[in-house]
Every structure is written in C-alpha cells, then in structure tokens.
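# Observations on the model geometry
What follows is each chain in one-letter form.
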2 protein chains.
Amino acid sequence: MNEFELIARLTRSLPTDPSVVLGAGDDCAAVDLGVPDRWVLFKTDAVVEGVHFTSDIDPARVGHKALARCLSDFAAMAGTPTHAVVTVGLPGDSRAEFVEAAYEGLTRLAERYSVAVVGGETTRNPEHVFLSISAIGTVRKDRCVRRSGAEPGDALFVTGALGGSIAGKHLDFEPRLEEAQWLAGSFDVHAMIDLSDGLAGDLQHITRASQVGADLLKSAIPISRAARLLARASANGDTAVAGLPKRPPPAIVAALTDGEDFELLFTVASRDAVPLLDAWKKKFPKLPLGCIGKISAEPGVRLRDEHGIRTLTEHGFVHFA
Amino acid sequence: MNEFELIARLTRSLPTDPSVVLGAGDDCAAVDLGVPDRWVLFKTDAVVEGVHFTSDIDPARVGHKALARCLSDFAAMAGTPTHAVVTVGLPGDSRAEFVEAAYEGLTRLAERYSVAVVGGETTRNPEHVFLSISAIGTVRKDRCVRRSGAEPGDALFVTGALGGSIAGKHLDFEPRLEEAQWLAGSFDVHAMIDLSDGLAGDLQHITRASQVGADLLKSAIPISRAARLLARASANGDTAVAGLPKRPPPAIVAALTDGEDFELLFTVASRDAVPLLDAWKKKFPKLPLGCIGKISAEPGVRLRDEHGIRTLTEHGFVHFA
C-alpha cells in the first residue's frame, strides 16, 4: 500500500457537512465559515528528518521548506495564506538549536508572504526531528481554482523548469503565490495544481479529478539545468557526488517524474493561451511559462515526440517508494 | 531546556499582524478573518507513539485522544471546532492498519461534535507512528474566554475529579465542549484553561497571564477514584501493575500535578459562584463542579490546609521531564 492508496482508504468515509466546499483530495480544503465572498482554505503538511531532509542540512532551509510546501498548496488554489501553526517533534534537548534555526528560515518566509505564525506545540519524537505545519487563508469564491475544472481543448501550462530538484531546489523553492493570484485575477484558470509528486503524477491528479485526459508534447517540456547536469553526470559515470541518486534518470524522465518541483501546472481555454503568454512575459519576465500540451476528452496522459505517441505510465514520486 | 522554555524561545519573535487577536500563548490562536461577530480559532497538536501512547494500545483510543486533545483546547476558549486536518507519520506499511483503526476512533469523536475532517497527509516517520491534528473553528467575539481575564476575588472552579488519568482517562476523556459553551453563554467567565499539564501548572498559566495569584483550599480539590486507587496501590507496595508508574504519588499530589485530566479550570466573579453551582447541578447533574479556591492580587499559587498555607512549587507535568 503506497501513500496514495492509504490516503484513499483513510479518507473514504470522513465526517463532512454542508460547510465543506472541498474536503480531502484537492491541494487545500475549502470551507465556508461565513466570511463574505470568500472561502477559508486549510492545509496541513509535515517534513521529517531522514525522509524530507538529512541531518546535515542547514536547518534554516528545512524550516523554509516546511512552510513553503504548505504555501505552495495555497498557490495551487490561487489563495492567500494568512496564518500558520507549527508542531515540532524533537528527539531531545540536543536538537533544540536545530529547531530554533529552522524557525528562523520558517519565519523569514512567513514574513515575506505576510503569514502570521500564531502558535506552536512541541512534543518529543524519538530519534528524528519533524515539523508539522498547518496554515489557513482565504480565497475569493469566484477565483478559487480546483483540480477538477479542466476541459477538453484546454491549453496546459507549467511555470519554471522541471526535474532535478534534489540538487537543491527542494529546499529553497519559492511558493508561486504571487504568480497564482495574478493568474486567477487575470484569466479564467480552469484547473491548477502545484507539482509536488512530479509532472506525470500531478497531471494525472488533474485529469482524474476533471474526468479528462491530456496530451503532452515532449519537446515543449521545460527541463531544468539541474536535471540536465544530473543526467550528464550519470552518463559520465559520475555517481559519487554526495546527495545525488546513484542512477539519475535521463533529463526528460526527471522532468516528468521527479518530485518537489513546486511549480504551477494549470489549464486555460485555448483561446486564452496566446494572450496569457504575452501578459505573463510582461508581468514575470524572469520566470518562464511554457505551454506543454492540451487537455483531451480521451482518458489517460500521452506523450508525443518525433517517434509517435506513448501512453505515460510513469506516476510521480511516491513517498513510500 | 524543557518544553515551556523551548516554546518561549521559539515564539519570542514570530511574525504577526493586526488580524491576530491571540497568537501563541493561549489554548488556541484567535484570528479575525472577517467572519461577522466571530473570531476564527486555530489549534495544532500531536500524539507520538512511545510518548503519548504505547504500541499495545487500542488504536481507536489513540485516534480519539489525538483529536480530543485538540478539541479540549477549543473548549478552553468556549469555542466551537468545525473542521480538522490530520497528518499521519507512518514507520512503514505494516502500521497502516493501526492508522486506519486510529482514524475510526478519531472520526467517531469528530462526528459526535460535528467536526468535518477535511484533509489528511501521510508521510513516513521512522520507527514511530505520529498523528498531528490541526483544527479550526469559531467563537463569538463576546464569548471568547482567554487565560488572561482572571481578577482578584474571582472564585476558582474545576470540573470533574483530578489525577490518575494514566490509568485510562488520558485515552478516553471527553472534551468539555458542551459544558464550556454553556458556561460562556450563561455566565461571565473571566478566564479558562483546559487541564493538560496538571492543576498546579495550568493554574499558573492563568495567574501569570492574568497577573494575579491564587489560593487553593486543599480539602476542596476533587481527587479522582483512579488517583486514590493508585495511591493505595503504592501504599500497599503494589508497584507491579502494568502501565502504572513505579511510585505513584499521594492522591492529592496526583490531583495537583498529574497531566492530561482535560477538565476545565475557570474563574468567575465571586457573586456568580452560588448561582453558577446551582445552575450547573441542573444542567450537568452527572459531572461534578467544585469551587477550589479564589484568585488573589498576590502573585503565586498557595495551598491552604489544616496545617497552614504553603506556596505551591510543583509545576505541572512537563513533557520533556
């Protein structure tokens, strides 16, 4: 049983009520607490030593990552995070300094996005530090973007360049909050997700939720410099670089399946594609935006290249793999 | 550095803003998200295998405890929890059934209090299961009870009977949500807290936040049957009972310092004391309510018995002790 299967079993019959707009199964939960014109978004996430970071990592980067993962989920719904609480699991007093330094990275990021940190709990966790973060925020009801709104014919976009985040980006990425809020305010975004499990897997979260399929154009998929360098190192037999996987995949596979890119994947009506690209270049000249394919009525995700069309079976990074 | 010292250091300079009504330092955070007449409450908590429960415990009780701890903090502010999210740390697939059963206990409690469970994350945690739960809810602005409102002359009340929760209550307790909401709706409750660290320690959270002191009447402190049985077992030299501490303290010390009673400790003006006791007996005939002392202008917490007055130095259960 992998993570997705376990979550599916756990969330089969959770208690719900009419205030729940979106429960388990989207990037954040959305609930109606009576805020005029807005839903309240709610998200929890955790990073664990030995799983999401190694003990030798600068703790400020760990704190940054812990909160940034959570904020990235608010970006995926075009929401605005406002408040966060933190639960720290601490193996012993000797790690208290690690946690204090992690808080520094966390609070720096929180300040940048005006997220107030309104509480914390500390508990003991034998042997490993964990940081569990929950955040709330709001989103205008008419601008909340779900995973389930993709329509056949939609153009499919991704921000940034993909793959190889293990080389560092997974610790230092910036949640795409500003970009997502601008997108939802400027265009009719049909569906959106943040890339945490890898393009191939996360795209299938959109296509399943929307009951559609997708066709990717291989040559349009933006491959990160890190993914190319890792692939080249692999080809050269250089497998001894600390922290790198022993057999890095070819760069395109990395771009399709590596986890923790934390870029935005979204769809808009095809007629919006060119105006969007033009407006984006003016608004965010430093961050590439690429049209990588289109949504189709036919279920499944397919990859097209010069040799033909293949159905994509790779699923994204599975935490339990 | 114990848990309280670490939290004090971590929360020294957290980012905040005018929407924060109460940040770290009360039972829940309270924030203004624009809900008319209400604040949004926000709380996180976690239970960890080997710290808050042992591996042989019925997992449904573990799930109950995990959520009940969180809901008890909403009771302490007379709030209404509405939505919860859960992060599960799982040592491996072999514990998936444990987590599924824990969810059953958790969702049973959630249903009883109309709390919708709106999301979950699963991550790996080497060797130990952890359940980190966050909840949101609301409270009427004019009925939100803080720790900081106690006034000299107030009568001090506690629900239930204290001590010995290790014998079972720490897993099965009922959060005092109904009682707290009735209290805040019927009387002017000045200050309230739920007893998680022990009467002596939690009373000092109230007196420090309110910049007052307190005088306890030893004979008025309600001692639980479990605390008396543990003390008797200790006096008889019966130290081999599974799960019991090797040297249980005398029953009154247990009532003062044992953690995880999860009863309500609160203060009202002295003129409200008798009307409150009368109304309580009619409303909650099965749950004792006791007046155990009064708030004083003199700092510190004192215990009065037939031998005189002693300043209480015991502080509550410290998780890192």
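Residues numbered from 1 in each chain as written. Chains lettered and ligands numbered in written order. Predicted model: local features only at pLDDT ≥ 70, side-chain atom pairs only at ≥ 80, totals over all residues. Heavy atoms only, no water.

Turning our attention to the environment of Thr11 of chain A. All names here are of chain A. Following the sequence through the fold, Thr11 ends up in the loop between α1 (3-10) and β1 (20-22). Taking the relative accessible area as the measure of exposure, Thr11 reaches 22% and is therefore partly exposed. Along the primary structure Thr11 and Ala191 are separated by 180 residues, whereas in three dimensions their C-alpha atoms are 22 Å apart. (Helix = DSSP H or I, 4+ residues; strand = E, 2+ residues; numbered from the N terminus. Buried < 20%, exposed > 50% of the residue type's maximum accessible area, 1.4 Å probe, protein only.)

Time to look at the sheet that holds strand β5 (residues 116-124) of chain B. Each strand in a sheet pairs with another by means of backbone hydrogen bonds, the pair being arranged parallel or else antiparallel. All names here are of chain B. Taken together, 6 strands build an open sheet; the order of strands is β1-β2-β3-β6-β4-β5 and the sheet is mixed. For this open sheet the edge positions go to β1 (20-22) and β5, each flanked by a neighbour on one side alone. Adjacent strand axes in the sheet meet at a mean angle of 20° when their direction is disregarded. Relative to strand β6 (residues 130-140), strand β4 (residues 80-90) is paired through 9 bridges, and the arrangement is antiparallel. Bridging from a neighbouring strand, Val86 pairs with Ile133 of β6. On top of the sheet, helix α3 (residues 96-112) reaches β4, β5 and β6; it is set at about 175° to β4, its chief contact. (Pairing = 2+ DSSP bridges. Axes fitted to C-alpha atoms, helices over the stretch in contact; angles between N-to-C directions. Contact = heavy atoms within 4.5 Å.)

Another aspect to go through is the sheet that holds strand β10 (residues 264-268) of chain B. Residue and element names in this part refer to chain B. Strand order across the open sheet formed by 7 strands is β8-β10-β7-β11-β9-β12-β13, with mixed pairing between neighbours. Looking at the sheet topology across the chains shown, the edges are occupied by β8 (189-194) and β13 (308-311). On average, each strand axis in the sheet is tilted by 25° relative to the strand beside it, whichever way the strands run. Pairing of strand β7 (residues 155-159) with strand β11 (residues 289-296) involves 5 bridges; the strand directions are antiparallel. When the bridges of β11 are listed, Phe157 appears paired with Cys291. Relative to β8, helix α6 (residues 199-210) is tilted by about 140°, and along the sheet it contacts β7, β8, β9 (213-217), β10, β11 and β12 (300-305).

Moving on, we get to the confidence of the model for chain A. Mean pLDDT over chain A works out to 90, with 92% of the residues at or above the 70 mark. Overall fold confidence (pTM) sits at 0.92, and the ipTM for the predicted complex is 0.90. (pLDDT = per-residue confidence, 0-100.)

Residue and element names in this part refer to chain A. Domain boundaries in chain A define domain 1 (3-143) and domain 2 (155-311). Computed over C-alpha atoms only, the centres of domain 1 and domain 2 are separated by 23 Å. Contacts between domain 1 and domain 2 engage 23 residues on the former and 21 residues on the latter. Between domain 1 and domain 2 lies a buried interface of about 1900 Å² when both sides are counted; carbon and sulfur atoms form 56% of it. Considering only the surface of domain 1 that becomes buried against domain 2, Arg61, Lys65 and Tyr113 emerge as the three largest contributors, covering 25% of it. Where domain 1 touches domain 2, the interface holds 4 salt bridges. As a salt-bridge pair, Arg112 and Glu174 come within 3.0 Å of each other at their nearest N and O atoms. Applying the counting criterion to the domain 1 and domain 2 interface returns 10 residue pairs in polar contact (both at pLDDT 80 or more). If you list the elements that add at least two residues to the side of domain 1 that touches domain 2, you get α2 (59-76), β4 (80-90) and α3 (96-112). (Domains from an automatic or database assignment. Buried area = accessible area lost by both parts, 1.4 Å probe. Salt bridge = Lys/Arg side-chain N within 4 Å of Asp/Glu carboxyl O. Polar contact = N/O pair within 3.5 Å; in protein donor to acceptor, adjacent residues only side chain to side chain.)

This part is about helix α6 (residues 199-210) of chain A. All names here are of chain A. Across its 12 residues, α6 extends 16 Å between first and last C-alpha, which sits within 8% of the 16 Å expected from 1.5 Å per residue. The element α6 is largely enclosed, with a buried count of 10 among its 12 residues. Within α6, the full set of buried residues consists of Leu199, Ala200, Gly201, Asp202, Leu203, Gln204, His205, Ile206, Thr207 and Ser210. Where α6 terminates, the next one or two residues include Gln211, which has phi positive at roughly 55°. (Expected span 1.5 Å × (residues − 1).)

Here we come to the pattern of salt bridges. The full count for this structure, using the stated rule, is 37 salt bridges over all chains. The shortest N-O distance in the salt bridge between Glu298 of chain A and Arg302 of chain A comes to 3.8 Å. Arg95 of chain B is the partner of Glu49 of chain B in a salt bridge, and the nearest nitrogen-oxygen pair spans 3.0 Å. Placement of Glu49 of chain B in the loop between β3 (38-48) and α2 (59-76) and of Arg95 of chain B in the loop between β4 and α3 is noted, with a sequence separation of 46 residues between them. In this structure, Glu49 of chain B and Arg95 of chain B share a single accessibility class: buried. Several salt bridges share partner residues, and in doing so they unite Asp45, Lys65, Arg69 and Glu260 of chain A into one network.

Here the focus is the relation of the copies chain B and chain A. Aligned on chain A, chain B shows an RMSD of 0.0 Å; the corresponding rotation is 180° and the shift along the axis is 0.0 Å. Taken together, the rotation angle and the small translation identify this as a two-fold axis. Residues of chain B ranked by C-alpha distance from the rotation axis are headed by Val35 of chain B, positioned 2.2 Å from it. Counting the interface residues of chain B, we find that 100% of their copies in chain A are interface residues as well, pointing to one common contact surface. (Least-squares fit on C-alpha atoms with pLDDT ≥ 70 in both.)

Tracing the backbone shows Ala29 of chain B in strand β2 (residues 29-31). Spatially, the C-alpha atoms of Ala29 of chain B and Trp39 of chain B are 9.6 Å apart, while their sequence positions differ by 10 residues.

A word on the packing of helix α5 (residues 177-186) of chain A against helix α9 (residues 273-283) of chain A. All names here are of chain A. Contact geometry of α5 with α9 gives a least axis separation of 12 Å together with a crossing angle of 140°. It follows that α5 is oblique to α9 by the angle criterion. Between α5 and α9 lies a crossing whose hand is right-handed. Residues Glu179, Trp182 and Leu183 of α5 touch α9, and the partners they reach there are Leu276, Ala279, Trp280 and Lys283. Its residues assigned to classes, the contact of α5 with α9 comprises 5 nonpolar, no polar and 2 charged. (Parallel < 35°, antiparallel > 145°, perpendicular 65-115°, else oblique. Left-handed = near helix turned anticlockwise from the far one by under 90°. Nonpolar A, V, L, I, M, F, W, Y, C, P; charged D, E, K, R; others polar.)

What follows covers the interface of chain B and chain A. Each side of the interface is counted separately: chain B has 70 residues, and chain A has 70 residues. When the two sides are added together, the surface that chain B and chain A hide from each other amounts to roughly 5800 Å², 66% of it contributed by carbon and sulfur. Taken as a group, Pro15, Leu33 and Phe42 of chain B account for 11% of the area that chain B buries against chain A, more than any other trio of residues on that side. In this assembly, chain B and chain A are joined by 2 salt bridges. Lys43 of chain B serves as the salt-bridge partner of Glu121 of chain A, at 2.9 Å between the closest nitrogen and oxygen. Within the residue set of the side of chain B that touches chain A, elements represented by two or more residues are α1 (3-10), β2, β3, β4, α3, β5 and β6 of chain B. Considering every element that reaches the side of chain B that touches chain A, the biggest residue donor is β5 of chain B, with 9 residues. The class makeup of the residues in the side of chain B that touches chain A is 36 nonpolar, 21 polar and 13 charged.

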